[in-house]
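Breakdown of the fold
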Amino acid sequence: KPLVFSGVQPTGNLHLGNYLGAIKKFVALQDTSDCIYCVVDLHSLTAQLVHEDLKDQTRAITAAFLASGIDPKKHIVFNQSRVMQHAELAWIFNCVARIGWMNRMTQFKDKAGKDRENASLGLLAYPSLMAADILVYRATHVPVGDDQKQHLELTRDIAQKFNNDFSDRIAGLGVGVEMKVGEETVNGFFPLTEPIIGGPAARIMSLRDGSKKMSKSDPSDLSRINLTDDADSISKKIRKAKTDPEALPGELDGLAGRPEAENLVGIYAGLAEISKEAVLKEFGGQQFSVFKPALADLAVEKLAPIAGEMRRISDDRAYVDAVLSDGGERAGLLAEATMKTVRDIIGLLQG
Ligand code: AQP
């Protein structure tokens, strides 16, 4: 069975991009895979945080996971900082990865801005901790939005360099498994994890600017639909979403050069679980005055039950905390099993 890992930062209100790009996929993968879903609170320390709110933000993301349909009994839901092996493996990966690799990451460049010398070391090393999150479970698949593609490639690079640097010791201890690297078959300890990206909603853009991704940190609340928005706000935001004056085309190539129109079609497709082509088949030739209300109705239909369930679950704080504590214990056992071997591979004295 595939082993799936993914995480979401407790850095603010979840939005439609997080839902369609990530959480909806988390839910779908439960039937075919063993899944570990994590609220990555250590990652969020790289952002500007109100530390008084961090615990409740962590609970809110957990409530969103549960409200969306993640089953914490069949799978594992926990917050990252409970399992210290993530940070331990991240340190080891900091000693495997190269500074140049981190410097090339577009997320680091975007978030650090011009004053890179003053960015935190944590922001630079963010992908190393992300690789540790995934590889401490030797996860085979990671569902993420398109913006995380580069970090997943780096995770594979780190796994490959570790396997290569320690190949003799991995073979000597007999802890490797055979894996394909290009044409070659090699013996490695960490898998080369596959991203699960794609579908019509892999990158949802801002409702105000089709060239920017929908994001928690955009100062304009009109740029995003929050999972907690009520029906009126959802409708208002879709009504006010930037578009062009043309009708919707009947074919996909008619969306070229029309990022805002393409985005709304992608959102419809993601929510309705159909392709963009199918959306255009239904709405091709229609004006936005027809398409936007249909999209708003669909968004309210799909999101309102999740928002209601999130409120219900959030009211039961003891339940949310118990889910995280139980998930943390189960994740900790898996992570420690990996780390025992990693410590052996790199020669740390233990036991
Ligand atoms: N716009 C998006 N479209 C599709 N997927 C998205 N994701 C984020 N934005 C979009 C996916 O959501 C998952 C969790 O993201 P995160 O917690 O790592 O937060 P983030 O990517 O930092 O989210 P934001 O909203 O974009 O925050 P800021 O404003 O801080 O940059 C990931 O799988 C991500 O791909």
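Residues numbered from 1 in each chain as written. Predicted model: local features only at pLDDT ≥ 70, side-chain atom pairs only at ≥ 80, totals over all residues. Heavy atoms only, no water.

Within the secondary structure, Lys-24 sits in helix α1 (residues 16-29). There is a polar contact of 2.6 Å between the side chain of Lys-24 and the side chain of Glu-273. Among all residues touching Lys-24, those that are not within four sequence positions of it are Tyr-19, Gly-270 and Glu-273. (Helix = DSSP H or I, 4+ residues; strand = E, 2+ residues; numbered from the N terminus. Polar contact = N/O pair within 3.5 Å; in protein donor to acceptor, adjacent residues only side chain to side chain. Contact = heavy atoms within 4.5 Å.)

Moving on: the site of the ligand. The ligand sits among 21 residues. The nearest are His-15, Asp-147, Lys-213, Ser-215 and Ser-217. Within the backbone of Ile-204, a nitrogen or oxygen atom sits 2.7 Å from a nitrogen atom of the ligand. At a separation of 2.5 Å, an oxygen atom of the ligand approaches a polar side-chain atom of Lys-213. If the ligand stood free it would expose 650 Å²; the protein chains cover 95% of that surface. The greatest single-element share of the shell around the ligand, amounting to 4 residues, is contributed by α1. Of the residues that constitute the shell around the ligand, the class distribution is 7 nonpolar, 9 polar and 5 charged. (Near = heavy atom within 4 Å. Areas by Shrake-Rupley, 256 points an atom, 1.4 Å probe, with all protein chains shown as cover. Nonpolar A, V, L, I, M, F, W, Y, C, P; charged D, E, K, R; others polar.)

Under the definition given, this model contains 14 aromatic pairs. Ring centres 4.4 Å apart and planes at 10° place the aromatic pair Phe-26 and Tyr-37 in the stacked group. On the criterion of sequence distance, the pair formed by Phe-26 in helix α1 and Tyr-37 in strand β2 (residues 34-39) is long-range, its members being 11 residues apart. By relative accessible area, Phe-26 is classed as buried at 0%. Tyr-37 gets classed as buried once you look at its relative accessible area, which sits at 0%. Between the aromatic rings of Tyr-268 and Phe-283, the centroid separation amounts to 5.3 Å while the plane-to-plane angle is 70°, which identifies the pairing as edge-to-face. (Phe/Tyr/Trp six-rings, centres within 6.5 Å; stacked < 30°, edge-to-face > 60°. Buried < 20%, exposed > 50% of the residue type's maximum accessible area, 1.4 Å probe, protein only.)

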